[in-house]
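In case you want the letters, here they are:
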Amino acid sequence: MLVLLLSSCKNDEKPEDKPIKKVEYTMYQPSEMANFMNAMYAYNLQIKNQIIAGETPISMPLDLMQLHSAEMTKGKDRTHVWNSFVNVFIKSQQTIADTLSNVELKARYNNAINNCLACHKTECVGPIPKIKKLLIQ
Ligand code: HEC
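This is a predicted model, so every value here is computed, not measured.

Caption draft 1: Seen up close, the coordination of the iron atom of the ligand. In this structure, Met37 (SD) and His120 (NE2) serve as the protein donors to the iron atom of the ligand, at separations of 2.0 to 2.3 Å. Considering all six donor atoms around the iron atom of the ligand, angles at the metal cover 87 to 178° and the coordination shape is octahedral. With Met37 in helix 3 (residues 32-52) and His120 in helix 6 (residues 105-123), this residue pair connects regions lying 83 residues apart in the sequence.

Caption draft 2: View of the environment of Met60. The residue Met60 is located in the loop between helix 3 and helix 4 (66-69) in this model. Apart from residues no more than four positions distant in its own chain, Met60 is found in contact with Tyr43, Gln93 and Ala97.

Caption draft 3: Spatial organisation of the state of the cysteines. All told, the structure shown has one disulfide when counted by the stated rule. The disulfide bridge from Cys9 ends at Cys124, spanning 2.2 Å between sulfur atoms. The sign of the -90° torsion about the S-S bond sets the Cys9-Cys124 disulfide as left-handed. Pair noted here: Cys9 is in the loop between helix 1 (2-6) and helix 2 (22-26) and Cys124 is in the loop between helix 6 and helix 7 (128-132), with a separation of 115 residues, a long-range link. On the basis of relative accessibility, which here comes to 26%, the residue Cys9 falls in the partly exposed class.

Caption draft 4: Spotlight on the packing of aromatic side chains. Scanning the model with the defined rule gives zero aromatic pairs in all. One residue, Lys130, lies across the ring of Tyr41, its end atom 4.4 Å from the ring centre.

Caption draft 5: Quick look at the site of the ligand. Lining the immediate environment of the ligand, one finds 29 residues, of which Met37, Thr73, Cys116, Cys119 and His120 sit closest. At 2.5 Å, a side-chain N or O of Thr73 approaches an oxygen atom of the ligand. Within the side chain of His120, one N or O atom sits 2.8 Å away from a nitrogen atom of the ligand. The set of elements that each furnish at least two residues to the shell around the ligand consists of helix 3, helix 5 (80-95) and helix 6. If you tally residues by element for the shell around the ligand, the top one is helix 3, at seven residues. Along the lines of polarity and charge, the residues of the shell around the ligand split into 18 nonpolar, nine polar and two charged.

Caption draft 6: Representation of helix 5 in the model. When the terminal C-alpha atoms of helix 5 are compared, their 24 Å separation across 16 residues agrees well with the 22 Å that a helix rising 1.5 Å per residue should span. Of all the bends in helix 5, the greatest measures close to 30° and is centred on Val86. Those residues of helix 5 lying buried are Trp82, Val86, Phe89, Ile90, Ser92 and Gln93. Elements that come into contact with the buried residues of helix 5 comprise helix 3, helix 4 and helix 6.

Caption draft 7: Molecular detail of the environment of Asn111. For Asn111, the position within the fold is in helix 6. Along the sequence, Asn111 and Ser92 sit 19 residues apart, while their C-alpha atoms lie 6.7 Å from each other.

About the thresholds
Residues numbered from 1 in each chain as written. Predicted model: local features only at pLDDT ≥ 70, side-chain atom pairs only at ≥ 80, totals over all residues. Heavy atoms only, no water. Donors = N, O, S within 2.8 Å, 3.2 Å for Na, K, Ca; no water. Tetrahedral: all angles 85-135°; square planar, octahedral: opposite > 155°, others 65-115°. Helix = DSSP H or I, 4+ residues; strand = E, 2+ residues; numbered from the N terminus. Contact = heavy atoms within 4.5 Å. Disulfide = S-S within 2.5 Å. Buried < 20%, exposed > 50% of the residue type's maximum accessible area, 1.4 Å probe, protein only. Phe/Tyr/Trp six-rings, centres within 6.5 Å; stacked < 30°, edge-to-face > 60°. Lys NZ or Arg CZ within 6 Å of the ring centre and 35° of its normal. Near = heavy atom within 4 Å. Polar contact = N/O pair within 3.5 Å; in protein donor to acceptor, adjacent residues only side chain to side chain. Nonpolar A, V, L, I, M, F, W, Y, C, P; charged D, E, K, R; others polar. Expected span 1.5 Å × (residues − 1). Bend = angle between axes of the 7 residues up to and from the residue.

Given below as structure tokens:
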């Protein structure tokens, strides 16, 4: 159950309402894109903790160009909505480690996370509650 909740775009608010097909569950293989998304999640969680601790992230180790190349889960596509959000997101994610920026670090960070959410609102609603927890209050 846990794997399914963390690794599906389906809305997981009330999973008990939906019968889960055992076959689908055991055959689940995360796509390249799903793996990359999870790496972005882990990176941003680390950045969040750094910012809260008063530290300044100075590098962005992820290859964000993978958003343009990674294979997606069968049935998922780079839609018009995806295309309209992806470059805005990439720019905002890179800006977090831009030590020359005049914008406050926390604002830059939250802006990137809000761009995750903007795309997820239509392209992959399942992880939204999890992504919201990345925001710094
Ligand atoms: C341009 C659109 C877009 C942006 C920006 C985006 N995502 Fe995603 N995300 C998706 C799509 C589409 C999927 C489903 C990918 C697949 O299944 O192949 C996904 C999947 C995920 C998943 C589930 C992975 C899994 O195991 O199935 C997580 C978690 C996630 N994204 C977190 C994030 C975080 C955190 C950010 C920002 C740092 C982010 N996403 C930015 C569209 C986006």
